[in-house]
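# Coordinates in review
What follows is each chain in one-letter form.
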Protein chains: 2
Amino acid sequence: MSRFGDATAVERTAEGRYEADLDAGFSFAEAVNGGYLMAVLARAAVDASPHEHPVATAATFLRVAKPGRAEVLVETRKSGRTAATARVGLVQDGVPVVEALITTSTLDAGDEPDWVGEPPVPAVPPIEHCTSFGGVGDDRTRGFADQVDMRFDPATMGWLDGQPGGRPEMRAWFGLADPHEPDAYALALAVDALPPIVLNMGARGWAPTVEMTWHMRAVPAPGPLAVHGSGRLVTGGWFDEEVEVWDSAGRLVAQSRQLARVGRKS
Amino acid sequence: MSRFGDATAVERTAEGRYEADLDAGFSFAEAVNGGYLMAVLARAAVDASPHEHPVATAATFLRVAKPGRAEVLVETRKSGRTAATARVGLVQDGVPVVEALITTSTLDAGDEPDWVGEPPVPAVPPIEHCTSFGGVGDDRTRGFADQVDMRFDPATMGWLDGQPGGRPEMRAWFGLADPHEPDAYALALAVDALPPIVLNMGARGWAPTVEMTWHMRAVPAPGPLAVHGSGRLVTGGWFDEEVEVWDSAGRLVAQSRQLARVGRKS
């Protein structure tokens, strides 16, 4: 088992009740990563379902999750032949932290797309032309960066040097530092792994996600994932961030959109 | 009050409990329209919130809603200064029909965007070059088409004549037949008002939405809304449909994505 596999494990304590131990490694400063939380929720939802894959996860982040013990409550609302849907909640100290609706289904790894759109342009550059997060951040903020193996398109990382690119974009190759081949749970992490795209607009600091929905579209092939993040509108302190994840076989495997708050301006 | 305003009204019967009367006019064949249902849910969520606008609505459609009496249950999970979040459920005959998570906030109609992406290309053609749904369908299926005033880009309507365009796209101008100026609830309807984009891929029949999330990004100006629908992947019987809604002042006012099942192939 990989560290990520261990860190997302849930233990069933009763019908629809699970315990999780949130790993401080997947946090960034004060907050446990939202993609990691969605992976934990998805593991409980799949355990409680006759189906194998979290095809639709809509999560609302109410409060900051802290490393340590958490309870995951799964309330099945429909269980059918094609799909099942549950309300899934993450609770710490009796307080709701994340609320989600998760629909599970069983995707066939052998499915060939009937139609697929063009891959995003520009592509993520070859991995040897990409840059890692090396040396950035202090002990307090490095947790998440140490758990993932991400290589960023330098064209979207000017904000690191005080030269934000001026467009809400971020692109990278994604994998886990302690190797864990792409699966549904790694996809949950991948869709929320990029630094906030508004860092390229001069925003600074943490950009808390309010709502994030992601769809698993195919079973990913082994190898690095290409993660493309972009946004459409920054207004009134809110921004959207869309992420597409393409696998090493060149297939679109996940799509997401989140609505988040812009951090403090520089 | 417009017919749409009446049709989406909810009556509070107790703390967190509302009654609605689903209007058969907003159904298509056997199913009440999903956007109309999201408007009804949003009205209850806003009534139960200190905030004015449904900025994030994530809805999962469990069963077909029937015209007539329905109950809407609102369970507040967090109520803060910037936003409030509730679980919102639509129940008919004691059975859950729609489950949603709705986050409300108060948008400022005077906000100017800090950044906005390019409008979708191609644009919806001038309204006089667009086509209505006139004469299509029988009494059973016309309900929804009679309640909206939609004018479609002819380039995306070849499927009506048995000549699907081959790309999952649909574009139209949107308004209500009984005039109702754009507001949050009209946006909920607009994001699910287009015919399924897979009709342009040779699919036929109803394409049931499984999960749909939409975000209200700005208070819309009066006048017709431009609605742009497109998809990225059709595979294993599933497809995604993204919709952007732009108002008459040229502003992006709503974004959505749905995951749906492909109807029977022709």
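Here the structure is a predicted model, which means the values were calculated and not measured. (Residues numbered from 1 in each chain as written. Chains lettered and ligands numbered in written order. Predicted model: local features only at pLDDT ≥ 70, side-chain atom pairs only at ≥ 80, totals over all residues. Heavy atoms only, no water.)

## Remarks on the relation of the copies chain B and chain A
This is how the line gets drawn: The copies were overlaid with a least-squares fit restricted to C-alpha atoms from residues scoring a pLDDT of at least 70 in each copy. By definition, residues are in contact when any of their heavy atoms lie within 4.5 Å.
Overlaying chain B on chain A yields an RMSD of 0.0 Å, the required transformation being a rotation through 180° with an accompanying axial translation of 0.0 Å. Within this description, the copies of the chain are treated as partners about a two-fold rotation axis. Of every C-alpha in chain B, the one belonging to Ala58(B) sits nearest the axis of rotation, 3.1 Å from it. When the interface residues of chain B are mapped onto chain A, 100% of them again fall at the interface, so both copies present the same face.

## Re the packing of aromatic side chains
All names here are of chain A. The condition is simple: Think of it this way: a Phe, Tyr or Trp ring, Trp meaning its six-membered ring, pairs with another when their centres are within 6.5 Å, and the plane angle makes it stacked under 30 degrees, edge-to-face over 60, tilted otherwise. Runs of H or I in DSSP of at least four residues are treated as helices and runs of E of at least two as strands, each being numbered from the N terminus. Three labels apply to residues, based on accessible area from a 1.4 Å probe with only protein chains included: buried if under 20% of the type maximum, exposed if over 50%, partly exposed otherwise in between. Ring-over charges, as used throughout, are those where CZ of Arg or NZ of Lys falls within 6 Å of the ring centre and within 35 degrees of the ring normal.
Per the stated rule, a full pass over the model turns up four aromatic pairs over all chains. Ring plane angle 10° and centroid distance 5.0 Å describe the contact between Phe26 and Tyr36, whose orientation is recorded as stacked. One end of the pair, Phe26, is in the loop between β2 (17–22) and β3 (27–28); the other, Tyr36, is in helix α2 (residues 34–47), and 10 residues separate them in sequence. Here the two residues Phe26 and Tyr36 agree in accessibility, since each one is buried. Positioned above the aromatic ring of Tyr185 is the side chain of Arg43, whose terminal nitrogen or guanidinium carbon lies 5.7 Å from the ring centre.

## Some thoughts on the nonpolar core
Threshold: Put simply, a nonpolar core is a bunch of buried Ala, Val, Leu, Ile, Met, Phe, Trp, Tyr and Cys residues held in one set by side-chain atoms that sit within 4.5 Å of each other.
Counting 78 residues, the largest nonpolar core has Tyr36(B), Leu90(B), Phe174(B) and Val245(B) as the members making the most contacts within it. With 10 residues, helix α2 (residues 34–47) of chain B is the largest single contributor of residues to this core. Once residues lying within four places of it in the same chain are set aside, the contact partners of Val245(B) are Leu187(B), Ala190(B), Val191(B), Leu225(B), Ala226(B), Val227(B), Arg251(B), Leu252(B), Val253(B) and Ala254(B). Membership of the second largest hydrophobic core comes to 77 residues, among which are Ala100(A), Val198(A), Phe239(A) and Ala260(A).

## As for the interface of chain B and chain A
Here is the rule: Accessible-area loss on putting two parts together, using a 1.4 Å probe and summing over both, is the definition of buried area adopted here. Salt-bridge detection follows one rule: a side-chain nitrogen of Lys or Arg within 4 Å of a carboxyl oxygen of Asp or Glu. Distance and chemistry together define a polar contact, namely a pair of N or O atoms within 3.5 Å, with one atom able to donate a hydrogen and the other to accept it when in protein, and with adjacent residues in sequence counting only for side-chain atoms on both sides. Two strands are counted as paired when DSSP detects at least two bridges linking them.
Chain B puts 56 residues into the contact, and the matching count from chain A is 56 residues. Of the roughly 5100 Å² buried between chain B and chain A on both sides combined, carbon and sulfur atoms contribute 54%. By the criterion of area lost to chain A, the three top residues of chain B are Trp115(B), Arg217(B) and Arg232(B), representing 17% of everything that side buries. The residue Arg87(A) makes a salt bridge to Glu75(B) at a minimum N-O spacing of 3.9 Å. Our count for the contact surface shared by chain B and chain A stands at 31 residue pairs in polar contact (both at pLDDT 80 or more). Two strands pair when backbone bridges link them, and strand β9 (residues 115–116) of chain A and strand β14 (residues 233–235) of chain B are joined in this way by two bridges, in the antiparallel orientation. Following the sheet pairing, Trp115(A) is matched in β14(B) by Val234(B).

## Some thoughts on the UniProt feature "domain: Acyl-CoA thioesterase-like N-terminal HotDog" (unreviewed entry) in chain A
Cut-off, in case you're wondering: UniProt positions are given in the numbering used here, feature names are shortened, and annotations may be inferred rather than shown by experiment.
Per the UniProt record, "domain: Acyl-CoA thioesterase-like N-terminal HotDog" (unreviewed entry) is annotated on residues 27–104 of chain A. Note that residues 27–104 of chain A is 18% helix and 56% strand, and that its end C-alpha atoms are spaced 26 Å apart.

## A word on a nonpolar patch on the surface
Rules: In this scheme, patches are assembled from residues that exceed 30% relative accessible area and form no salt bridge. Like charges are connected within 9 Å, while nonpolar side chains (Val, Leu, Ile, Met, Phe, Trp, Tyr) are connected within 5 Å. In short, Shrake-Rupley with a 1.4 Å probe defines the accessible areas, and a residue's cover is counted only from the protein chains shown.
Together, Phe28(B), Val64(B) and Trp206(B) make up an exposed nonpolar region whose accessible area comes to about 280 Å². Given the relative accessible area of 35%, Val64(B) is considered partly exposed.

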